[in-house]
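The primary structure of each chain is shown beneath.
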Amino acid sequence: QVQLVESGGGLVQSGGSLRLSCAASGITFSSYVMAWFRQAPGKERAFVAAIRRSGGSTVYGDSVRGRFTIFRDNAKNTVYLQMNSLKPEDTAVYYCAANYELGAPSSSVSWYRYWGQGTQVTVSS
């Protein structure tokens, strides 16, 4: 049984930082691309960042590039999202996603097989 459990969300002021974590179980974590998506109220789920299984290659969405950093610890089966310089428009539920690495990471929701339940991030102005 695959489980992805996000944590670290909360309320933060504009300009602040948060670090999200996603702990995985039931998969060979080091063989999986891991990604973060987010969904704001009334909007579609959007790509935030992805990281290849080795951690050596990352991809970011345009709106977060330069402010967010994705990284992973394969020994802990955990992927992280460090979010700096947060803006009110970053407010959303953040989801962790995973798919077996067959090639370069995708920014498409449909490419990912496993999903967490999400963690709420709220940025106040």
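In the block above lies the structure referred to throughout.
Below you will find a few notes about this structure. (Residues numbered from 1 in each chain as written. Predicted model: local features only at pLDDT ≥ 70, side-chain atom pairs only at ≥ 80, totals over all residues. Heavy atoms only, no water.)

1. Some remarks on the overall build of the protein chain
A tally of regular secondary structure across the protein chain gives 0 helices and 11 strands. Scanning the protein chain from its N terminus toward the C terminus, one meets helices and strands in the order β-β-β-β-β-β-β-β-β-β-β. Rg of the C-alpha trace for the protein chain: 13 Å, near the compact-globule value of 14 Å for 125 residues, within the 12% margin. Along the first, second and third principal axes, the C-alpha set of the protein chain runs to 40 × 25 × 25 Å. Among the 125 residues that make up the protein chain, the fraction classed as buried is 45%. Here the analysis covers contacts within the protein chain between residues at least 6 apart in sequence; of these, 59% occur between residues at least 24 apart. For the protein chain, the computed accessible surface area is about 6,300 Å², with 44% contributed by carbon and sulfur atoms. (Helix = DSSP H or I, 4+ residues; strand = E, 2+ residues; numbered from the N terminus. Rg over C-alpha atoms; globule rule 2.2 N^0.38 Å. Buried < 20%, exposed > 50% of the residue type's maximum accessible area, 1.4 Å probe, protein only. Contact = heavy atoms within 4.5 Å. Areas by Shrake-Rupley, 256 points an atom, 1.4 Å probe, with all protein chains shown as cover.)

2. Observations regarding the nonpolar core
Counting residues in hydrophobic clusters, the biggest one holds 30 residues, and the most contacted among them are M34, W36, V79, L81, M83 and Y94. Sorting the residues of this core by element identifies β3 (18-25), β4 (32-39), β5 (46-51), β7 (68-73), β8 (78-83), β9 (92-100) and β11 (119-124) as the ones contributing at least two each. Every residue in contact with M83, bar those within four places of it in the chain, is listed here: G16, S17, L18, L20, R67, F68, Y94 and V121. V33, A50, A97 and Y112 belong to the second largest nonpolar core, which has 7 residues in total. (Core = buried A, V, L, I, M, F, W, Y, C linked by side-chain atoms within 4.5 Å.)

3. Some remarks on the packing of aromatic side chains
Applying the stated criterion to the full structure yields 8 aromatic pairs. Note on Y32 and Y100: the rings are 5.6 Å apart at their centroids and 85 degrees apart in plane angle, and the pair reads as edge-to-face. Within this pair, whereas Y32 is found in strand β4, its partner Y100 is found in strand β9, the two being separated by 68 residues in sequence. Overall, the relative accessible area of 11% leaves Y32 in the buried class. (Phe/Tyr/Trp six-rings, centres within 6.5 Å; stacked < 30°, edge-to-face > 60°.)

4. Looking at the side chain of R38
Secondary-structure assignment places R38 in strand β4. Residue classification places R38 among the buried positions, given a relative accessible area of 12%. One polar contact links R38 to Y94, side chain to side chain, over a distance of 2.9 Å. In contact with R38, not counting residues within four places along its chain, are E44, R45, A46, V48, S63, V64, F68, E89, D90, A92, V93 and Y94. (Polar contact = N/O pair within 3.5 Å; in protein donor to acceptor, adjacent residues only side chain to side chain.)

5. Points about the pattern of salt bridges
Per the counting criterion, the structure on display carries 5 salt bridges. For the salt bridge of R67 with D90, the shortest nitrogen-to-oxygen distance reads 2.8 Å. In this pair, R67 sits in the loop between β6 (58-60) and β7 while D90 sits in the loop between β8 and β9, placing the two residues 23 residues apart along the sequence. Several salt bridges share partner residues, and in doing so they unite R38, R67 and D90 into one network. (Salt bridge = Lys/Arg side-chain N within 4 Å of Asp/Glu carboxyl O.)

6. Notes on the side chain of R72
One can find R72 in strand β7. Look at R72: it is buried, it has no salt bridge, and the nearest opposite charge is E101 at 5.9 Å. A polar contact is formed between the side chain of R72 and the backbone oxygen of Y32, at a distance of 2.8 Å. Within polar-contact distance, the side chain of R72 engages the backbone oxygen of R53 at 3.5 Å. Residue contacts for R72: discarding those within four places in its chain leaves F29, S30, Y32, V33, M34, I51, R52, R53, G55, T78, V79 and Y80. (Lys, Arg positive; Asp, Glu negative; His and termini not counted.)

These figures come from the coordinates and say nothing about function on their own.
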